[in-house]
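As a plain string of letters, each chain reads:
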Amino acid sequence: MEKRIVILGAGESGCGAAVLARKLGFDVFVSDYGAITDKYKEMLDSYGIRWEEKRHSEDVILAAAEVIKSPGIPHEAPIIVKIKNAGIPIISEIEFAGRYTNAKMICITGSNGKTTTTSLIYHIFREAGLNVGLAGNIGNSLALQVAEDDKDYYIVELSSFQLDNMYEFRANVAVLMNITPDHLDRYEHDMQKYVDAKMRILQNQQQDDAFVFWNDDPIIKNELPKYSHGKLYPFAEEKSEGLGAYTEEHRLVFTEPVPFNMELEELALTGKHNLYNSMAAGISANVAGIRKETIKEALSSFTGVEHRLEKVAKVKGVEYINDSKATNVNSCWYALQSMKTKTVLILGGKDKGNDYSEIADLVKEKCSGLIFLGADNAKLHGFFGGFGLPIADTHSMQECVDAAYKMAKSGETVLLSPCCASFDLFKSYEDRGTQFKELVCKL
């Protein structure tokens, strides 16, 4: 009798896990409580994998030896509770895929900066001519790549939700950018539970592995003594003892394993947060043995990430910037900090228990107006209403862009950096950013 693997959620990660499990000879069943897109139905059918949509057949699911859960399904979903009560192990797609490859894993997490850093590391590895895959929160499913075209290295962006269901997986290089409040609605509004999830990236690290992290993060500093990990490669702006990277006299300095430096103005990405992203990426590549010339060249030639501080267009002297990927307050803080002109800020969406006080001073300093874009903007009015700034209340991207066009003056910037998830009005942050760009380009 084949061992049954049940996969909950038929998106990129779920379908990738299903294909790998099928190829390994498991009895595979995929169940999605929502609708499955045609692309994934065709993929499952082509491998002869059984699937269902818009329901969960408990008799089939509870007969599983192991369940692979999509990171988007919350722990308290009724079917998850039943699976746990039945004593069936629940793992993530990344955990499953990691069992069947000998590739080196470079894994990146953090509340902010992880997508840019992941993309930057992948860019350096590709420029070095290595056989490398991009996986996790971006790129293709890790399991699908392991199944169809296994690589020597994987650059994996990990969310706290993915880390929640990872147990034996080992990061040869673990990168932790920072820890700030995010997704607290999924962690019973308990910051420590979210912190614990992020720190799981260190589990199973061995002495010859590497841990790359921002040295000035108070939470990481506080947590580090509780964990075993590989060799430490902290980075910071100010030079101090034991850093893997720092800045000095307009140069970015890397200290080990191979010391080298480069001019700050040679970096493709600008702004303080991107300096940290470049440091983390450079150290990761250095640790992996990539030549310093290649690292310097790649850090100079990188072109950035869609929906992250992406310049859209200049209309009547107003710059429009798409930062739809800013789904938490700290991301918006970074975006506002990098603004060089007065800014009309677009905020709103599905609030994840946000505390807007973190951006209050920057809003007062940098903003000439606010546009709220959400199904329910009451909390935003409550917090920002007394700031004395013009406010427009909008409930669709068309209304929002029209309001921005009216409000912004020549020489100013319109910044979509919402602080919130997109699911109240949009399919995803990508959908939100794409609609914004399309409408701006029609102005």
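Summary of the structure given here. Every value quoted in this text rests on a predicted model; they were computed, and no experiment measured them. (Residues numbered from 1 in each chain as written. Predicted model: local features only at pLDDT ≥ 70, side-chain atom pairs only at ≥ 80, totals over all residues. Heavy atoms only, no water.)

Description of the sheet that holds strand 17 (residues 343-347)
Then, number 1: Strand order in the open sheet formed by 6 strands is 15-16-20-17-18-19, and the pairing between neighbours is mixed. In the strand order of this sheet, the two ends are held by strand 15 (310-315) and strand 19 (391-394), each with one partner. Shown here is a sheet whose adjacent strand axes are inclined to one another by a mean of 20°, direction ignored.
Then, number 2: In this sheet, strand 19 lies alongside strand 18 (residues 367-373) in parallel orientation, the contact comprising 4 bridges. Residue L373 lies in a different strand from strand 19, and its bridge partner there is T394.
Then, number 3: Each of strand 17, strand 18 and strand 20 (413-416) is contacted by helix 13 (residues 329-337), which is oriented at about 165° to strand 17, the strand it contacts most.
Then, number 4: Along the sheet face, helix 14 (residues 357-366) touches strand 17 and strand 18 and points at about 120° away from the line of strand 18. (Pairing = 2+ DSSP bridges. Helix = DSSP H or I, 4+ residues; strand = E, 2+ residues; numbered from the N terminus. Axes fitted to C-alpha atoms, helices over the stretch in contact; angles between N-to-C directions. Contact = heavy atoms within 4.5 Å.)

Focus on the nonpolar core
Then, number 1: If you look at the biggest cluster of nonpolar residues, it comprises 50 residues, and the most contacted ones within it are F96 and L142.
Then, number 2: Take this core: its biggest share by element is 6 residues, from helix 1 (residues 12-23).
Then, number 3: In terms of nonpolar packing, the next biggest core, distinct from the first, is built from 40 residues, Y153, L267, L299 and V305 among them. (Core = buried A, V, L, I, M, F, W, Y, C linked by side-chain atoms within 4.5 Å. Buried < 20%, exposed > 50% of the residue type's maximum accessible area, 1.4 Å probe, protein only.)

Considerations on the pattern of salt bridges
Then, number 1: Within the structure shown, the criterion is met by 19 salt bridges.
Then, number 2: Of the charged contacts in the structure, one is a salt bridge between R55 and E52, with a shortest N-O distance of 3.1 Å.
Then, number 3: On the basis of relative accessibility, which here comes to 47%, the residue R55 falls in the partly exposed class.
Then, number 4: Owing to a relative accessible area of 3%, E52 belongs among the buried residues under this scheme. (Salt bridge = Lys/Arg side-chain N within 4 Å of Asp/Glu carboxyl O.)

Topic: the packing of helix 13 against helix 14
Then, number 1: The contact between helix 13 and helix 14 brings their axes to 10 Å, and the two run at 30°. In terms of orientation, helix 13 lies roughly parallel with respect to helix 14. The chirality of how helix 13 crosses helix 14 is left-handed. Contacts from V329, N330, C332, W333, L336 and Q337 of helix 13 reach helix 14 at E358, I359, L362, V363 and K366.
Then, number 2: Split into classes, the residues belonging to the contact of helix 13 with helix 14 amount to 7 nonpolar, 2 polar and 2 charged. (Parallel < 35°, antiparallel > 145°, perpendicular 65-115°, else oblique. Left-handed = near helix turned anticlockwise from the far one by under 90°. Nonpolar A, V, L, I, M, F, W, Y, C, P; charged D, E, K, R; others polar.)

Digging into helix 6 (residues 114-127)
Then, number 1: Between the first and last C-alpha of helix 6 there are 20 Å, a value that for 14 residues agrees with the 20 Å anticipated at 1.5 Å per step.
Then, number 2: Burial of helix 6 is extensive: 12 of the 14 residues sit out of reach of the surface.
Then, number 3: All of the buried residues along helix 6 are K114, T115, T116, T117, T118, S119, L120, I121, Y122, H123, I124 and F125.
Then, number 4: Just beyond helix 6, the residue with positive phi is G129, at close to 80°. (Expected span 1.5 Å × (residues − 1).)

Brief notes about the pairing of strand 11 (residues 231-235)
Then, number 1: Strand direction decides the pairing type here: strand 10 (residues 210-214) and strand 11, joined by 5 bridges, are parallel. Residue V212 lies in a different strand from strand 11, and its bridge partner there is Y233.

Digging into empty space enclosed by the protein
If a probe the size of a water molecule is rolled over the atoms, the empty space left behind becomes visible.
Then, number 1: Scanning the entire structure with this criterion turns up 2 cavities of 30 Å³ or more.
Then, number 2: Taken as a whole, the largest cavity holds about 140 Å³ of empty space.
Then, number 3: At the level of elements, helix 11 (272-287) and helix 13 are the ones that each hand at least two residues to the lining of the largest cavity.
Then, number 4: The residue inventory of the lining of the largest cavity, partitioned by class, reads 7 nonpolar, 7 polar and 2 charged.
Then, number 5: Roughly 50 Å³ of volume is contained in the second largest cavity.
Then, number 6: The wall of the second largest cavity is formed by L163, M166, F169, A171, R200, I201 and Q203.
Then, number 7: Each residue belonging to the lining of the second largest cavity can be placed in one class, and the counts come to 5 nonpolar, 1 polar and 1 charged. (1 Å grid on protein atoms, 1.4 Å probe; cavity = no way out; pocket = protein on both sides within 12 Å on 5 of 7 lines; lining within 4 Å. Points joined across faces, edges and corners; volume = space filled by probe spheres on them.)

Side note on the layout of surface pockets
Then, number 1: The volume enclosed by the second largest pocket comes to roughly 670 Å³.
Then, number 2: As for the second largest pocket, its lining consists of 26 residues, of which T270, L309, K311, I321 and S338 are closest to the centre.
Then, number 3: Of all the secondary-structure elements, those providing two or more residues to the lining of the second largest pocket are helix 11, strand 15 and strand 16 (318-322).
Then, number 4: Here the lining of the second largest pocket gets 3 residues from one element, more than from any other, and that element is strand 15.
Then, number 5: Of the residues belonging to the lining of the second largest pocket, the class tally is 6 nonpolar, 12 polar and 8 charged.

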